Amino acid sequence: MEDTTSYDKLIEFYIELRGHGHSLSAIELESFLQWQENKINADFIAKIMLEVREEYQAKNKEFPSTLGPVKNKLNRVLLKSREV
């Protein structure tokens with residue numbers, strides 16, 4: 001299993017990008033735990049978060065307040081990588 005410290009930092013990074021609150025919802029926490037259990041690299045997920053931020057900034061929108069758009073993009077990228 002990936003180093004817990006990496007995921008702790010990833011959670012802090014997500015909260016910082018989100019820009020409000022100091023904790024995760026139960027659903028968000030479950031997503032992070034699933035990613036960790038599935039051994040998805042925390043740096044890779046951080047890269048996806050940055051890409052989502054850039055997409056939202058291009059639309060003059062704030063980073064999403066939920067993990068949904070990050071999860072969706074991550075799932076699309078992972079599915080494409082399996083197709084190759």
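Look up a bit, the structure's there.
Model, not experiment: these values are computed from the prediction.

Okay, the overall build of the chain next. From N to C terminus, the chain includes four helices and zero strands. For the chain, the C-alpha radius of gyration of 13 Å lies close to 12 Å, the compact-globule estimate for 84 residues. Seen through its principal axes, the chain has C-alpha atoms that stretch 35 × 35 × 20 Å. Relative to all contacts within the chain whose residues are 6 or more apart in sequence, the contacts with residues 24 or more apart total 64%. Charged side chains in the chain number 12 positive and 14 negative. The centres of these two groups are separated by 7 Å.

Right, let's get into the packing of aromatic side chains. Per the counting criterion, the structure on display carries three aromatic pairs. Taking 5.8 Å as the distance between ring centres and 55° as the angle between the ring planes, the aromatic pair formed by Tyr14 and Phe32 counts as tilted. Placement of the pair is Tyr14 in helix 1 (residues 4–18) and Phe32 in helix 2 (residues 26–37), with a sequence separation of 18 residues. The pair Tyr14 / Phe32 is uniform in exposure class, with both members buried. Arranged with centres 5.3 Å apart and planes meeting at 75°, the rings of Phe32 and Trp35 form a pair that is edge-to-face. You can see Phe32 and its partner Trp35 sitting in helix 2, three residues apart, about one turn around the helix. By relative accessible area, Trp35 is classed as buried at 7%. Each residue in the set Tyr14, Phe32, Trp35 and Phe63 is aromatic and connected to the rest through ring pairs, giving one cluster. The ring of Tyr56 carries Lys59 above its face, with NZ or CZ at 5.9 Å from the centroid.

Turning next to the pattern of salt bridges. Taken as a whole and assessed by the stated rule, the structure comprises four salt bridges. The salt bridge partner of Glu51 is Lys73, with a shortest N-O separation of 3.6 Å. Of the two residues, Glu51 is situated in helix 3 (residues 42–58) and Lys73 in helix 4 (residues 68–83); the sequence distance between them amounts to 22 residues. On the basis of relative accessible area, Glu51 is assigned to the partly exposed category, the value being 23%. You can call Lys73 buried: its relative accessible area is 12%. In this structure, a network of salt bridges that share partners links the residues Lys47, Glu51, Glu55 and Lys73.

Basis of the calculations
- Residues numbered from 1 in each chain as written.
- Predicted model: local features only at pLDDT ≥ 70, side-chain atom pairs only at ≥ 80, totals over all residues.
- Heavy atoms only, no water.
- Helix = DSSP H or I, 4+ residues; strand = E, 2+ residues; numbered from the N terminus.
- Rg over C-alpha atoms; globule rule 2.2 N^0.38 Å.
- Contact = heavy atoms within 4.5 Å.
- Lys, Arg positive; Asp, Glu negative; His and termini not counted.
- Charge placed at Lys NZ, Arg CZ, Asp CG, Glu CD.
- Phe/Tyr/Trp six-rings, centres within 6.5 Å; stacked < 30°, edge-to-face > 60°.
- Buried < 20%, exposed > 50% of the residue type's maximum accessible area, 1.4 Å probe, protein only.
- Lys NZ or Arg CZ within 6 Å of the ring centre and 35° of its normal.
- Salt bridge = Lys/Arg side-chain N within 4 Å of Asp/Glu carboxyl O.

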